[in-house]
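Fold and contact review
Residue-level listing of the chains:
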Amino acid sequence: MKRAKTVKMGALSVLASAVLTGCIGMPEGIEPVSDFDVERYAGKWYEVARLDHSFERGMEQVSAEYSLNKDGTVAVLNSGYLPEKNKWKQAKGKAKFVGETDVGYLKVSFFGPFYGSYVVFDLDKENYNYAFVSGPDVSFLWLMSRTRTVEPQVMESFVQQAKAAGFNTDELILVKHE
């Protein structure tokens, strides 16, 4: 009886650990960029394309602003407009590097101890004008840009790389911006 309880508690510990850390992985075939400069990455980015998920469903004019905190973390402010409710929504969060600070692999939290991956897997390293970002699995994907639109070749590269990594690019949403 005591052994069964110990095994059960061990299983619960493993499950709790997986829940708390399981969302900071990355899809197979995705590699975060190296030579990442968070200071250059800071500032405002527009969401150009994404896969649908509940926390942004129906949103338009989506943007993210990143700024550096004194403790080395990154402040995150996501904003988007819900036309059906005629209102703006914002979410404040915090990001931390998963490993080295020159690798585009962060974890982001918008509530409590729960983090999700933010993996920059392609980046305009010359000007930091666009970034291809994934979450922990192939259901989370974003094309971010310093402008509301991107050149066709950037979109083409984004779709090709995402498709090769197993993302369902047929489901991409092109975000409306005014």
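Computed from a predicted structure; not experimentally measured.

From N to C terminus, the protein includes three helices and nine strands. Listing every helix and strand of the protein by position from the N terminus yields α-α-β-β-β-β-β-β-β-β-α-β. When burial is assessed residue by residue, the protein has 39% of its 178 residues classed as buried. For the protein, restricting intrachain contacts to residue pairs at least 6 apart in sequence, the fraction spanning at least 24 positions comes to 52%.

With 88% of its residues at a pLDDT of 70 or more, the protein has an overall mean of 89. For residues 3-21, every residue scores under 50 in pLDDT, and the model assigns this stretch five contacts once sequence neighbours within four places are set aside.

Okay, unusual backbone geometry next. Positive phi, normally seen in glycine, also occurs at aspartate 35, with a value near 55°. You can see aspartate 35 is positioned in the loop between helix 1 (2-21) and helix 2 (38-41).

To continue, consider the nonpolar core. In terms of nonpolar packing, the biggest core is built from 21 residues, with Phe36, Tyr41, Tyr66, Tyr118, Val120, Leu123 and Val133 touching the most fellow members. Those elements giving two or more residues to this core turn out to be helix 2, strand 2 (60-68), strand 3 (74-82), strand 4 (87-97), strand 5 (105-111), strand 6 (114-123), strand 7 (130-134) and strand 8 (141-145). The contacts of tyrosine 118, once residues within four sequence positions are left out, are Tyr41, Tyr66, Gly104, Tyr105, Leu106, Val108, Val133, Ser134 and Met144. Core analysis: the next-biggest nonpolar cluster, separate from the first, contains 18 residues, Phe121, Leu143, Val154 and Phe167 among them.

Moving on, we get to the pattern of salt bridges. Tallying each qualifying case throughout the model produces two salt bridges. The closest approach of N and O atoms between glutamate 47 and arginine 50, which form a salt bridge, is 2.6 Å. Given the relative accessible area of 2%, glutamate 47 is considered buried. As a salt-bridge pair, aspartate 52 and arginine 57 come within 2.8 Å of each other at their nearest N and O atoms. For aspartate 52, a relative accessible area of 36% puts it in the partly exposed group.

Turning our eyes to something else, we now look at the packing of aromatic side chains. As enumerated under the stated definition, the model contains 14 aromatic pairs in all. Taken together, a centroid distance of 6.2 Å and an interplanar angle of 65° make the contact between phenylalanine 36 and phenylalanine 97 edge-to-face. With phenylalanine 36 in the loop between helix 1 and helix 2 and phenylalanine 97 in strand 4, this residue pair connects regions lying 61 residues apart in the sequence. Taken together, Phe36, Tyr41, Trp45, Tyr66, Phe97 and Tyr118 form an aromatic cluster joined through their ring pairs.

Moving on, we come to the pairing of strand 3. Pairing between strand 2 and strand 3: seven bridges, direction antiparallel. What sits directly across from serine 67, in strand 3, is alanine 75. Between strand 2 and strand 3, which follow one another and run antiparallel, lie five residues, and glycine 72 among them has a positive phi close to 95°. Where strand 3 lies against strand 4, nine bridges are found, and the strand directions are antiparallel. Bridge pairing links leucine 82 to lysine 87 in strand 4. Counted between consecutive antiparallel strands, the loop separating strand 3 from strand 4 contains four residues, among which asparagine 86 sits at a positive phi close to 50°.

What follows covers a nonpolar patch on the surface. A cluster of nonpolar side chains, namely Phe110, Phe111 and Phe114, defines an oily patch on the protein surface of about 310 Å² accessible area. Looking at the element boundaries, phenylalanine 111 is found in strand 5.

The next subject is the environment of tryptophan 88. Looking at the element boundaries, tryptophan 88 is found in strand 4. Sequence separation between tryptophan 88 and glutamate 60 is 28 residues, and the spatial gap between their C-alpha atoms is 9.5 Å.

Calculation notes
- Residues numbered from 1 in each chain as written.
- Predicted model: local features only at pLDDT ≥ 70, side-chain atom pairs only at ≥ 80, totals over all residues.
- Heavy atoms only, no water.
- Helix = DSSP H or I, 4+ residues; strand = E, 2+ residues; numbered from the N terminus.
- Buried < 20%, exposed > 50% of the residue type's maximum accessible area, 1.4 Å probe, protein only.
- Contact = heavy atoms within 4.5 Å.
- pLDDT = per-residue confidence, 0-100.
- Core = buried A, V, L, I, M, F, W, Y, C linked by side-chain atoms within 4.5 Å.
- Salt bridge = Lys/Arg side-chain N within 4 Å of Asp/Glu carboxyl O.
- Phe/Tyr/Trp six-rings, centres within 6.5 Å; stacked < 30°, edge-to-face > 60°.
- Pairing = 2+ DSSP bridges.
- Patch = residues over 30% accessible without salt bridge, like charges linked within 9 Å, V, L, I, M, F, W, Y side chains within 5 Å.
- Areas by Shrake-Rupley, 256 points an atom, 1.4 Å probe, with all protein chains shown as cover.

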